[in-house]
Amino acid sequence: MRGWWQEIAGLVLPVSCEGCGSPRTALCPACAHALTGEGPRRVRPSPEPGGLPATYAAVPYEGAVRTLLLAHKERGALPLAGPLGAALAGAVTAAAGPVGRFGTGPCLLVPVPSSRRSVRARGHDPTRRLALAAAGRLRRAGRAARVLPVLRQRRAVADQAGLGAAERRANLAGALTLAPGAAGPLAEAVRAGGRVVLVDDLMTTGTTLAEAARALAAVCSAGYSVHPPFTIHGLPGSPEEGTPHPLFERLTAAVLASSPASFELNRNSSRTRDVAGGEW
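Residues numbered from 1 in each chain as written. Predicted model: local features only at pLDDT ≥ 70, side-chain atom pairs only at ≥ 80, totals over all residues. Heavy atoms only, no water.

(A) Up close: helix H8 (residues 183–191). Among the residues of H8, those classed as buried are Ala183, Gly184, Leu186, Ala187, Ala189 and Val190. Those residues of H8 that are buried lie in contact with strand E3 (107–111), strand E4 (145–147), strand E6 (176–178), strand E7 (195–203) and helix H9 (207–217). Glycine 193 sits one or two positions beyond H8 and adopts a positive phi of about 95°. (Buried < 20%, exposed > 50% of the residue type's maximum accessible area, 1.4 Å probe, protein only. Helix = DSSP H or I, 4+ residues; strand = E, 2+ residues; numbered from the N terminus. Contact = heavy atoms within 4.5 Å.)

Below is the structure:
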């Protein structure tokens, strides 16, 4: 109820910018510009968790961007889904690479799932809402895209706020799984050349995205054969651990925002791999 009431109220009541408080606009030009930044870039947390796919972020998580994300996520500022989704679409485009490089299938956006408890508390699933907005933006730009919400939480996890990297890994280990009946459609989409991109609103330590990638890799152990096997670079147990498998190149990740340090670390890293540019 909260969501539709806020959308109606926004049409008839005075509004102010969710980013800076400027009157008579839900998003002022300056805060809208903050969502574009310098363009999507590869980001890396430090330390980088094993199994983390190549991840691209639209903008650093600071200033107006942080305020806007929190307004959408925690305060239910649902009209922000459009501009935030547009920024996420840019990161998805960078993560997915040129159209046709990995086949003719659509870009498949797989959102990191929220817990039922947080969805009830917030009144909406912010990551899934942004994924839908991003997919719509991509389609309007001429790129086939759809959202596949195939991941679920298999057990309760603690609030990640305030946890360090090691604590987050322990908290999330084995926490995500494929939804019942999702393995078949996902495997078929990959066989057809679909480009799988994990999406989230924010990356901090990268632990959540690494766990989501591990859960997606379980498609091979769910009775659905994908050839060659779906492996994750750096994930313990991969047949060719440490060597990127050809099919892994179809799995990347995109987030709207990441910590400013993850942009700097990537800029100075000699290990940078520009998937969008075709260099590994």
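(B) Highlighting the sheet that holds strand E1 (residues 41–43). Pairing within the open sheet is mixed, and its 6 strands lie in the order E1-E2-E8-E7-E3-E4. Strands at the two margins of the open sheet, each flanked by one partner only, are E1 and E4. For this sheet the average axis-to-axis angle between neighbouring strands, irrespective of direction, equals 35°. For E3 and E4, the ladder comprises 3 bridges, and the chain directions are parallel. (Pairing = 2+ DSSP bridges. Axes fitted to C-alpha atoms, helices over the stretch in contact; angles between N-to-C directions.)

(C) A look at the packing of helix H4 (residues 81–96) against helix H6 (residues 126–140). Two elements in contact, H4 and H6, have axes separated by 7 Å at closest approach and are oriented at 70°. By the angle between their directions, the pair H4 and H6 is classed as roughly perpendicular. Relative to H6, the crossing made by H4 is right-handed. On H6, the residues touching Ala81, Leu84, Gly85, Ala86, Leu88, Ala89, Val92 and Thr93 of H4 are Arg129, Leu130, Ala131, Ala133, Ala134, Arg137 and Leu138. A breakdown of the residues in the contact of H4 with H6 according to their chemical character gives 11 nonpolar, 2 polar and 2 charged. (Parallel < 35°, antiparallel > 145°, perpendicular 65-115°, else oblique. Left-handed = near helix turned anticlockwise from the far one by under 90°. Nonpolar A, V, L, I, M, F, W, Y, C, P; charged D, E, K, R; others polar.)

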